Amino acid sequence: MAQKESTFTNMLLTLLIVTAISSLAASGVYNLTKGPIAEVQRLKQQKAIEQVMPGFTHYDRQAVMPQNGGDSLLFFKGFTNEEPIGVAVNTYTNVGYSGLIKLMVGFKPDGTITNVEVLEQKETPGLGTKMSTPKFKDQFMGKNPDNYKLMVTKDGGDVDAITAATITSRAFCDAVQRAYDSFEELKKENK
Amino acid sequence: MTQMQNFTKGFFKENAVFVMLLGMCPTLAVTNSAINGLGMGLATTFVLVMSNLVISLIKNVVPGKVRIPTFIVVIASFVTVVDLVMAGYAPALHEQLGIFIPLIVVNCVVLGRAEAFASKNSVVSSIVDGLGMGLGFAMALTMLGAVREIFGNLSVFGFKFMEGDGILVFILSPGAFIVLGFLIALVNKFTKKA
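Residues numbered from 1 in each chain as written. Chains lettered and ligands numbered in written order. Predicted model: local features only at pLDDT ≥ 70, side-chain atom pairs only at ≥ 80, totals over all residues. Heavy atoms only, no water.

**Student:** What is the right way to read the overall build of chain B from this model?
**Tutor:** If you tally the helices and strands in chain B, you get 8 helices and 2 strands. Counting helices and strands in the order they occur from the N terminus, chain B gives α-α-α-α-α-α-α-β-β-α. Computed over the C-alpha atoms, the radius of gyration of chain B is 17 Å, within 12% of the 16 Å expected from 2.2 N^0.38 for a compact globule of 194 residues. Dimensions of chain B along its principal axes, counting C-alpha atoms only, are 60 × 50 × 25 Å. Going through the 194 residues of chain B one by one, you find that 48% of them count as buried. Expressed as a percentage of contacts within chain B between residues at least 6 apart in sequence, the contacts between residues at least 24 apart total 72%. With an accessible surface of roughly 8,700 Å², chain B has 75% of that area assigned to carbon and sulfur atoms. Taken as two groups, the 12 positive and 8 negative side-chain charges of chain B have centres that lie 18 Å from each other. (Helix = DSSP H or I, 4+ residues; strand = E, 2+ residues; numbered from the N terminus. Rg over C-alpha atoms; globule rule 2.2 N^0.38 Å. Buried < 20%, exposed > 50% of the residue type's maximum accessible area, 1.4 Å probe, protein only. Contact = heavy atoms within 4.5 Å. Areas by Shrake-Rupley, 256 points an atom, 1.4 Å probe, with all protein chains shown as cover. Lys, Arg positive; Asp, Glu negative; His and termini not counted. Charge placed at Lys NZ, Arg CZ, Asp CG, Glu CD.)

**Student:** For this particular structure, what's the right way to read the interface of chain B and chain A?
**Tutor:** How big an interface is tends to be reported as the loss of accessible area on association of its parts. Chain B puts 31 residues into the contact, and the matching count from chain A is 30 residues. The largest share of the area that chain B buries against chain A comes from Asn60, Pro63 and Leu84 of chain B, three residues that together contribute 22% of it. The tally of links from chain B across to chain A stands at 0 salt bridges. Summed over the shared surface of chain B and chain A, the result is 1 residue pair in polar contact (both at pLDDT 80 or more). If you list the elements that add at least two residues to the side of chain B that touches chain A, you get α4 (67-89) and α5 (91-97) of chain B. Of all the elements, α4 of chain B adds the most residues to the side of chain B that touches chain A, at 12 residues. Grouping the amino acids of the side of chain B that touches chain A by side-chain chemistry returns 18 nonpolar, 9 polar and 4 charged. (Buried area = accessible area lost by both parts, 1.4 Å probe. Salt bridge = Lys/Arg side-chain N within 4 Å of Asp/Glu carboxyl O. Polar contact = N/O pair within 3.5 Å; in protein donor to acceptor, adjacent residues only side chain to side chain. Nonpolar A, V, L, I, M, F, W, Y, C, P; charged D, E, K, R; others polar.)

**Student:** Teacher, can you tell me more about the pairing of strand β3 (residues 83-96) of chain A here?
**Tutor:** In regular strands, side chains alternate between the two faces of the sheet. Residue and element names in this part refer to chain A. Two elements, strand β2 (residues 73-80) and β3, share 7 bridges in a ladder whose sense is antiparallel. Bridge assignment links leucine 74 to a residue of β3, and that residue is asparagine 90. Linking two consecutive strands that pair antiparallel, namely β2 and β3, is a turn of 2 residues; a positive phi of about 50° is found at asparagine 81 within it. Looking at chain direction, β3 and strand β4 (residues 99-107) are connected through 8 bridges and run antiparallel. By the bridge assignment for β4, glycine 96 is matched with glycine 99. Taking the residues between adjacent antiparallel strands as the criterion, β3 and β4 are bridged by 2 residues. (Pairing = 2+ DSSP bridges.)

**Student:** Whenever I open this one, the nonpolar core confuses me. Can you help?
**Tutor:** Soluble, globular proteins show a tendency: their nonpolar side chains are buried together. In this structure, Val17, Phe18, Met40, Val47, Ile101, Ile104 and Leu180 of chain B are the most contacted members of the largest nonpolar core, which totals 39 residues. No other element matches the 7 residues that α4 of chain B contributes to this core. Residues contacting methionine 40 of chain B, with those up to four places away along its chain left out, are Pro26, Val30, Leu97, Phe100, Leu103, Ile104 and Leu141 of chain B. In terms of nonpolar packing, the next biggest core, distinct from the first, is built from 31 residues, Val64, Val89, Val152 and Ala175 of chain A among them. (Core = buried A, V, L, I, M, F, W, Y, C linked by side-chain atoms within 4.5 Å.)

**Student:** Help me understand the sheet that holds β4 of chain A in this model?
**Tutor:** Where strands meet in a sheet, backbone hydrogen bonds hold them as pairs that are either parallel or antiparallel. All names here are of chain A. Strand order in this open sheet of 5 strands is β1-β2-β3-β4-β5, and the pairing throughout is antiparallel. Here the strands that pair on one side only, and so sit at the sheet edges, are β1 (58-64) and β5 (113-120). The sheet shows a mean angle of 20° between the axes of neighbouring strands, direction not considered. Sheet topology places β1 next to β2; 7 bridges connect them, and they run antiparallel. In the sheet register, alanine 63 faces β2, and the bridge partner there is leucine 74. Across the sheet, helix α1 (residues 8-52) touches β1, β2, β3, β4 and β5, and the angle it forms with β5 is around 160°. Contacts between helix α3 (residues 166-190) and the sheet are confined to β1, β2, β3, β4 and β5, with β3 contributing the most and set at about 140° to the helix. (Axes fitted to C-alpha atoms, helices over the stretch in contact; angles between N-to-C directions.)

**Student:** Hey, could you run me through the environment of serine 155 of chain B in this one?
**Tutor:** Residue and element names in this part refer to chain B. Turning to its location among the elements, serine 155 is positioned in strand β1 (residues 155-156). Its relative accessible area of 2% is what places serine 155 among the buried residues. Aside from chain neighbours lying at most four places away, what touches serine 155 is Glu149, Ile150, Lys160 and Phe161. There is a polar contact of 3.0 Å between the side chain of serine 155 and the side chain of glutamate 149.

**Student:** Where do I start with unusual backbone geometry in this structure?
**Tutor:** With the exception of glycine, most residues fall at negative phi, and the peptide bonds are largely trans. Even without being glycine, alanine 164 of chain A reaches a positive phi, approximately 65°. Within the secondary structure, alanine 164 of chain A sits in the loop between α2 (134-137) and α3. Residue leucine 21 of chain B is not a glycine yet carries a positive backbone phi of 50°. Structurally, the position occupied by leucine 21 of chain B is in the loop between α1 (3-8) and α2 (24-30). In this structure leucine 21 of chain B comes out as partly exposed when scored by relative accessible area, which is 44%.

**Student:** Any chance you could explain the side chain of threonine 91 of chain A here in plain terms?
**Tutor:** Residue and element names in this part refer to chain A. Its place among the elements puts threonine 91 in strand β3. Within polar-contact distance, the side chain of threonine 91 engages the backbone oxygen of alanine 175 at 3.0 Å. Ignoring anything within four residues of it in the chain, the contact list for threonine 91 reads Leu73, Ile101, Lys102, Leu103, Val105, Ala175, Arg178 and Ala179.

**Student:** When you look at the confidence of the model for chain B in this model, what are you seeing that I'm missing?
**Tutor:** When pLDDT is low, close inspection of the predicted coordinates is not appropriate. Confidence in the prediction of chain B, expressed as mean pLDDT, is 85, and 98% of residues score 70 or more. Highest mean pLDDT in chain B belongs to helix α7 (residues 123-153) of chain B (90); lowest belongs to α5 of chain B (75). (pLDDT = per-residue confidence, 0-100.)

Set out below in structure tokens:
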């Protein structure tokens, strides 16, 4: 069978049919995978909350507007049998090397950082992605930003930056700082 | 050419990376660790086999002048499908490779095989060609990734064999060019007669 001739109608029809089938296939797969993808996201958030706020029995959700403008942060206030044990904050920064980074930061009621989990990032593989390794993020554990300067050592802070990923390290600190600021703000309001 | 030759040509004689120097964008960008190279190679293999299959099926009903846009639409659809299915059912793998998957669309190995092979050959030959080319591509990427990981991070497939940080330049993009150059020289030494 010889190849079809390149007449105007032939070309138009071919492209029309091919793109129509492709869009149908793509949208079909999108609808099929929408559920599982949302479920994966939810589980991931759930797991991150458990990581940064261990031992809670239930939590309340609350959206908080940061005082410096920008998008709201999601607060998950954890309780063990009505006793507040801390807050997990879904925070973000836009100053990553490749833009948006989302973190889950856990605070004890006094403001001490329990743990940090990376939720979403697009940093350079092998460099910026090292921020989710224990070597970098574990240095935040048990520190209180009240007396722990959330800036890389190069900028006069207390955080050891990732080698060759200073911008990512700065962004990480920025996100944690944003979470802490809102956390403090909320504490004042509730008093 | 037998199907066996058709399959093995992708590994050495016509290896996409070492011989034809196709698909350099993902080759240089993602191979900073062996596992990234392997994952990218296997994802590309899947898209390559599927697009070769479909294109060899529709090759006779597509008018010559619009064949490239048609191929691209077919390839892009498969990439979208792979991306969504991975996000939904293999989240751990997707986390590792998520940002590289859309890169497959612009990989000229895929379009190159569609244009140079699948649009002229039978369905079976095209599938074999896609499989051979894809696995050859995966092999090259894994080798490149392994070398860069060994020198840059002192580990292979994520297993640290020595303490320390390694030579950073191998992880950065210049390292990709340097290692690729040496690997091509090495492959040429063994495959080409002087």
